[in-house]
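Here's the letter readout for the chains.
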Amino acid sequence: MTSTVPHAYADAFSGWDGSVTAAREMQKKLASRVLLADDFGSLRLIAGVDVGFEEGGAITRAAVVLLDAETLEPVTQTLARIPTNMPYIPGLLSFRELPAVLQALDALGRAPDLILCDGHGVAHPRGLGIAAHLGVITGLPTIGVAKKILTGQHQPLGELRGDQVDLLDRNGKLIGTVLRSKDKVRPLIISPGNRVSLATAPQLVMRYVTRYRLPEPTRLADRLASRRDEKRSG
């Protein structure tokens, strides 16, 4: 792994030899440590996390935006830019993106009470999407807010804001929620990452949805990670 992984999480990938096989085995072990129960206190500061890439994918650009949980006003934001350490491999997104995310999170200087992460939580083939991986290694409450399904199936979804249906794996086990965050827009795939229950995760996401499709924490992180504002002003 790259030496740019922050010191506080230096052992986040300890024991991984860089191979796909070892990464999948690590996912299975870490997935057993996920807590799918509400284990968080008062939500005062919430964070949104998203990742983009620069220079044709050579640079990983992670953004963390910290917000006041009541007003949704931004408190601070951080960016981390590091060399991309591995190619895109389906199902192993966290191994590609987390080194930069951890550096950006470390730079906040304070821990959020809840993190909404662009990506999946337990709605993942091995139960450890990036939000779950992040939650386990940091010990923080996390929720995955994804834009498309990675695994699972569901019944038809209504067209109105707040409509939701269960996302089930091939064995019929509940792994997340398909949520319509705004009338007649593409749904979001919500799954807890750690220390949040399957029932509570979509409720918390809707609490932070304003007039946009994405909840405010990940919407702002997406703008920063994708450099959308820079491109508009350029």
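What you see is a predicted model, and the numbers here were worked out from it, not measured in a lab. (Residues numbered from 1 in each chain as written. Predicted model: local features only at pLDDT ≥ 70, side-chain atom pairs only at ≥ 80, totals over all residues. Heavy atoms only, no water.)

Caption draft 1: Region of interest: the pattern of salt bridges. All chains considered together, the criterion is met by 8 salt bridges. Where Asp39 meets Arg195, a salt bridge forms, and the shortest distance between an N and an O atom there is 3.1 Å. With a gap of 156 residues between them, Asp39 in the loop between helix 1 (20-31) and strand 1 (45-54) and Arg195 in the loop between strand 8 (188-194) and helix 4 (200-207) connect regions that are remote in the sequence. Of the residues examined, Arg195 reaches a relative accessible area of 22% and is grouped as partly exposed. Taking the shortest distance from any N to any O, the salt bridge between Arg180 and Glu159 comes out at 3.6 Å. (Salt bridge = Lys/Arg side-chain N within 4 Å of Asp/Glu carboxyl O. Helix = DSSP H or I, 4+ residues; strand = E, 2+ residues; numbered from the N terminus. Buried < 20%, exposed > 50% of the residue type's maximum accessible area, 1.4 Å probe, protein only.)

Caption draft 2: Representation of the packing of aromatic side chains within the structure. Enumeration over the complete set of coordinates arrives at 1 aromatic pair. If you follow Arg96 out to its NZ or CZ, it ends over the ring of Phe53, 4.2 Å from the centre. Between Arg219 and the ring centre of Tyr212, over which it is positioned, the NZ or CZ distance is 3.9 Å. (Phe/Tyr/Trp six-rings, centres within 6.5 Å; stacked < 30°, edge-to-face > 60°. Lys NZ or Arg CZ within 6 Å of the ring centre and 35° of its normal.)

Caption draft 3: Geometry of the side chain of Thr218. Structurally, Thr218 is set in helix 5 (residues 216-226). Judged by its relative accessible area of 1%, Thr218 is buried. Excluding residues within four positions of it along the chain, Thr218 makes contact with Gly48, Val49, Leu116, Cys117, Asp118 and Val145. (Contact = heavy atoms within 4.5 Å.)

Caption draft 4: Structural detail: the packing of helix 2 (residues 93-106) against helix 3 (residues 130-138). Relative to each other, helix 2 and helix 3 sit at 50°, their axes nearing to 10 Å. Taken together, the axes of helix 2 and helix 3 lie oblique to each other. Here helix 2 and helix 3 pass one another in a crossing that is right-handed. The residues of helix 3 that touch helix 2, namely those facing Ser94, Phe95, Glu97, Leu98, Val101, Leu102 and Leu105, are Ile130, His133, Leu134, Ile137 and Thr138. Looking at side-chain class alone, the contact of helix 2 with helix 3 contains 8 nonpolar, 3 polar and 1 charged residues. (Axes fitted to C-alpha atoms, helices over the stretch in contact; angles between N-to-C directions. Parallel < 35°, antiparallel > 145°, perpendicular 65-115°, else oblique. Left-handed = near helix turned anticlockwise from the far one by under 90°. Nonpolar A, V, L, I, M, F, W, Y, C, P; charged D, E, K, R; others polar.)

Caption draft 5: Seen up close, the side chain of Asp169. Along the chain, the position of Asp169 falls in the loop between strand 6 (164-168) and strand 7 (174-179). It turns out Asp169 is buried and unbridged, and the closest side chain with the opposite charge, Lys173, is 5.6 Å from it. At a separation of 2.9 Å, a polar atom in the side chain of Asp169 contacts the main-chain amide nitrogen of Asn171. Every residue in contact with Asp169, bar those within four places of it in the chain, is listed here: Gly152, Gln153 and Ile175. (Lys, Arg positive; Asp, Glu negative; His and termini not counted. Polar contact = N/O pair within 3.5 Å; in protein donor to acceptor, adjacent residues only side chain to side chain.)

Caption draft 6: Structural context of helix 2. With 14 residues, helix 2 ought to run about 20 Å at 1.5 Å a step, and its terminal C-alpha atoms sit 20 Å apart, in line with that. A bend of about 35° at Pro99 is the largest found in helix 2. The buried fraction of helix 2 amounts to 11 of the 14 residues, a majority that puts the element mostly inside the structure. Residues of helix 2 that are buried: Ser94, Phe95, Arg96, Glu97, Leu98, Pro99, Ala100, Val101, Leu102, Ala104 and Leu105. Structurally, helix 2 contributes buried residues whose contacts are with helix 1, strand 1, strand 2 (59-68), strand 3 (74-83), strand 4 (114-118) and helix 3. (Expected span 1.5 Å × (residues − 1). Bend = angle between axes of the 7 residues up to and from the residue.)

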